[in-house]
Amino acid sequence: MKGRLFGTTGVRKVYGREFDLDMALDLGKAFGTYLNEGTVLLARDVRITGKMVEDTFAAGLMSTGISVVRAGVIPTPTLAFMTMHGRYKAGVMITASHNPPEYTGIKFWTASSMGYTPHEEREIEKIYQSREFKRATWDRLGSDSSIDNAVSEHIREILARTKVETIKSKEFKVVVDPGNGAACVLTPYLVRELGCKVITINGQLDGHFPGRKSEPDKESLVDLIRVVRDTGADLGVAHDGDSDRVVFVTENGEVIRSDRTIALISMDMLKRQPGGVIVTTVDSSKVLDEIVEKHGGKVIRTPVGDIQVAFKIRENNAIFGGEACGVFIFPDFHLAPEPFLATCKILELMAKTGRGFRDLMREIPIYPLKKTKIQCDNERKQEVMETLQEKLPEAIGDVVEIITVDGLGVSLKNGWLLVRPSGTEPVIRITCEARSEQDVEHIIERAKEIVEGTIATR
Ligand code: MG
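This one's a predicted model, so the numbers in the text were calculated from it and none came from an experiment.

Brief notes about the environment of Y88
Along the chain, the position of Y88 falls in the loop between α3 (76-85) and β4 (90-94). Judged by its relative accessible area of 14%, Y88 falls in the buried class. Considering only alpha carbons, one finds Y88 and V419, 331 residues apart in sequence, at a separation of 38 Å. Ignoring sequence-local partners within four residues, the contact set of Y88 consists of T39, V40, L41, V69, M82, T83, A111 and I147.

Below, the structure written as structure tokens:
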């Protein structure tokens, strides 16, 4: 089990094939050596392997003299928030986010609620590879304790940033779909605090993810769409496995792409903070730039990954940021994704304006966007991408600009295209946006042919 440990965000690997308990133990030791002193807040998502990996990682940490405080099964944002709020030296989440159930992973957070940067991760990996671990004597080992108020503290702080009474007065009906993931312990309770009638589906914690695929998208949210429609609900809310993402569904069952939701929330924020900077990743729709600029703000693009967004937010003193996959970051609160406050902000907008979610979303135009992924072994990704850099722009034609902030971005006369290797799965992803369905279909099919052709040629 060799190769690089860290992917786009933290460690994410298939248990038993790419990751085992020896690695969890050594990673615990490596991280303890890196920190040298202090206390770490430790939590996990709902995965079957979670408890075992957590215990092993904790043992590694304690052997270096680092104390461990466990917060149990909670959403990743709750762990990140509590790491800052409780002034821990660092936070560690045992999670593989939205990946299938056989995956496990470990994600690191700083005391300022930022994810560890690739540079910091490399430092930990260096210690891991060197196997030069700090060893505490028996009387200097770290202690092991737990807290049970992480979720209630988090909910309290979210409500303090929400116009609770305004939302309460509307008595909204909301369907919550945590997808059997960590949000089961938070979102239904939060929404109830807002005076809403809450209907929960896939609401029991289960690491087999029996209800649906953990990644929330149009295909995996068919049940949510149906229940929202059947019950006449005002809003549908869906999370991924570790609940750092949220996707919203309108009252008529339309799944809203989150770059459009980011545009909606940005519009409202820019009214109060004129000229503000909004940060998003390279794969967000151009509609976000158009809306933000129209309202006097500015968009800055980053490589894919919530840590990249958080980093740029801090660097540019931005007022808000997020990713099209369902990440929302409110820097006034903390620098980790905050899907729960995003939910409150949507309900607040609905309550304030007296308009339905569908109606609010009408202000943000939809440009057709398509995504596809193509299998490609991790070892070949780099070589394939290098060939594509040379070959793809010419092959696709009508190129206006080539952007390489992350992967290969190509701005075309009638749309744009992004080809990038996944940091977590053996696939190359293609995203394409254009002004018409016909154009988007044509561009993505052509790009797919070129990528598949490149993978097939050795
Ligand atoms: Mg996630």
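More follows now that the structure is in view.
Examining the coordination of the magnesium ion
For the magnesium ion, the full set of protein donor atoms is S97 (OG), D240 (OD), D242 (OD) and D244 (OD), at a range of 2.0 to 2.1 Å. Along the chain, the residues donating to the magnesium ion fall in the pattern S-x142-D-x1-D-x1-D. Taken as a pair, S97 in the loop between β4 and β5 (103-110) and D240 in the loop between β9 (235-239) and β10 (246-249) lie far apart in primary sequence, 143 residues in all. S97 sits in the buried class, given a relative accessible area of 5%.

Comments concerning the packing of helix α1 (residues 21-35) against helix α2 (residues 50-63)
Any two packed helices are characterised by how steeply their axes cross, that is the angle between the axes, and by the distance between the axes. The contact between α1 and α2 brings their axes to 7 Å, and the two run at 35°. Taken as a pair, α1 and α2 cross one another with a handedness that is right-handed. Counting all contacts with α1, which are made through L21, A24, L25, L27, G28, K29, F31 and G32, the residues of α2 involved are M52, V53, T56, F57, A59, G60, L61 and S63. Tallied by class, the residues present in the contact of α1 with α2 amount to ten nonpolar, five polar and one charged.

Side note on the nonpolar core
With 66 residues, the main nonpolar core has F248, F320, F328, F330, L347 and F357 as its most contacted residues. When residues of this core are assigned to their parent elements, the largest contribution, nine residues, is made by helix α12 (residues 339-353). One finds F57, M62, A90 and I94 within the second-largest nonpolar core, a separate group that totals 29 residues.

Digging into the sheet that holds strand β12 (residues 277-281)
Reading across from one edge, β13-β12-β14-β15 is the order of the four strands in this open sheet, with mixed pairing throughout. Each edge of the sheet is formed by a strand with only one pairing partner; in this case those strands are β13 (298-302) and β15 (327-329). Averaged over all neighbouring strand pairs, the angle between strand axes comes to 20°, with direction disregarded. Bridge count for β12 against strand β14 (residues 320-323) is three bridges, and the pairing is parallel. Within the sheet, the bridge partner assigned to T280 lies in β14 and is G322. The sheet contacts of helix α9 (residues 258-272) involve β12, β14 and β15, and relative to β14 the element is tilted by about 175°. Of the strands in this sheet, β12, β13, β14 and β15 touch helix α11 (residues 306-316), which is tilted by about 160° from β14.

Concerning the side chain of E338
Its place among the elements puts E338 in the loop between β15 and α12. Buried charged residue E338 carries no salt bridge. Nearest counter-charge: R161, at 8.0 Å. A polar contact of 2.8 Å, which involves the side chain of E338, links it to the side chain of H154. Here H334 takes part through its side chain, which lies 2.7 Å from a polar atom of the side chain of E338. If near-sequence neighbours (up to four positions away) are discounted, E338 is found in contact with H154, I158, F328, F330 and F333.

Quick look at the domain arrangement of the protein chain
According to the domain assignment, the protein chain consists of domain 1 (11-149), domain 2 (163-249), domain 3 (258-361) and domain 4 (369-456). Measuring from the centre of the C-alpha atoms in domain 2 to the corresponding centre in domain 3 gives 20 Å. Counting from both sides, the interface comprises 23 residues of domain 2 and, opposite them, 21 residues of domain 3. At the boundary of domain 2 with domain 3, total buried surface from both sides reaches about 1,800 Å², with 77% on carbon and sulfur atoms. Taken together, the connections running from domain 2 to domain 3 amount to zero salt bridges. Elements supplying a minimum of two residues to the side of domain 2 that touches domain 3: α6 (164-168), α7 (187-193), β9 and β10.

Conventions we followed
Residues numbered from 1 in each chain as written. Predicted model: local features only at pLDDT ≥ 70, side-chain atom pairs only at ≥ 80, totals over all residues. Heavy atoms only, no water. Helix = DSSP H or I, 4+ residues; strand = E, 2+ residues; numbered from the N terminus. Buried < 20%, exposed > 50% of the residue type's maximum accessible area, 1.4 Å probe, protein only. Contact = heavy atoms within 4.5 Å. Donors = N, O, S within 2.8 Å, 3.2 Å for Na, K, Ca; no water. Axes fitted to C-alpha atoms, helices over the stretch in contact; angles between N-to-C directions. Left-handed = near helix turned anticlockwise from the far one by under 90°. Nonpolar A, V, L, I, M, F, W, Y, C, P; charged D, E, K, R; others polar. Core = buried A, V, L, I, M, F, W, Y, C linked by side-chain atoms within 4.5 Å. Pairing = 2+ DSSP bridges. Lys, Arg positive; Asp, Glu negative; His and termini not counted. Salt bridge = Lys/Arg side-chain N within 4 Å of Asp/Glu carboxyl O. Polar contact = N/O pair within 3.5 Å; in protein donor to acceptor, adjacent residues only side chain to side chain. Domains from an automatic or database assignment. Buried area = accessible area lost by both parts, 1.4 Å probe.

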